[in-house]
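Survey of secondary and tertiary structure
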Amino acid sequence: MLKTEVIGRIGNDAEVKTLTQNRVINFSVAHSQRGVDASGQKTETTVWVSCAKFLPLTGETKLVDYLKKGTPVYVRGDLSVREYDGKDGRRQFALNLRVTDIELLPSGSAGGSANEVPPQDETLPF
């Protein structure tokens, strides 16, 4: 098992799907890293992580109302990596995170603007 923490911005509005035994909230998180290469050129690399948060069928899904595109978020969970052949025939990798913890971050985190973060005294089921 590979535990991973990711801080980034949500790439798409979250979706809820109902399965046989539970519900799952699916969304993606983009993590960007800026730097300078050996020749002094500025670089930016973005890594996309597909996230899934599983809830019981009776579990509350208010969380999905806050997981909107552009929202800064911290997620932690179990990482899996899937290898596949891309459209151009090159080997590519998909990062999938089975989320155990989610924390919405202030809009100043991870750069740029984002949606409103829920009040700290509001209890959300995550």
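Throughout what follows, the structure given in this document is the object of discussion. (Residues numbered from 1 in each chain as written. Predicted model: local features only at pLDDT ≥ 70, side-chain atom pairs only at ≥ 80, totals over all residues. Heavy atoms only, no water.)

**Comments concerning the pattern of salt bridges**
Considering all chains together, one arrives at six salt bridges under this definition. As a salt-bridge pair, Lys 3 and Asp 78 come within 2.9 Å of each other at their nearest N and O atoms. Taken together, the residues Lys 3 in strand E1 (residues 2-10) and Asp 78 in strand E5 (residues 72-85) connect sequence positions 75 residues apart. Accessibility expressed as a relative area gives 54% for Lys 3, which makes it exposed. (Salt bridge = Lys/Arg side-chain N within 4 Å of Asp/Glu carboxyl O. Helix = DSSP H or I, 4+ residues; strand = E, 2+ residues; numbered from the N terminus. Buried < 20%, exposed > 50% of the residue type's maximum accessible area, 1.4 Å probe, protein only.)

**Topic: the nonpolar core**
Counting 20 residues, the largest nonpolar core has Ile 25, Phe 27, Cys 51, Leu 67, Val 75 and Ile 102 as the members making the most contacts within it. Counting residues per element, the ones that place at least two in this core are E1, strand E3 (22-36), strand E4 (42-56), E5 and strand E6 (91-104). Per element, the largest residue contribution to this core is four residues, and it comes from E6. For Val 75, the residues in contact, after removing those within four places along its chain, are Thr 4, Glu 5, Val 6, Phe 27, Val 29, Cys 51, Leu 97, Val 99, Asp 101 and Ile 102. (Core = buried A, V, L, I, M, F, W, Y, C linked by side-chain atoms within 4.5 Å. Contact = heavy atoms within 4.5 Å.)

**Considering the packing of aromatic side chains**
In this structure the tally under the stated criterion is zero aromatic pairs. One Lys or Arg, Arg 98, reaches over the ring of Phe 54 and ends 4.2 Å from the middle of that ring. (Phe/Tyr/Trp six-rings, centres within 6.5 Å; stacked < 30°, edge-to-face > 60°. Lys NZ or Arg CZ within 6 Å of the ring centre and 35° of its normal.)

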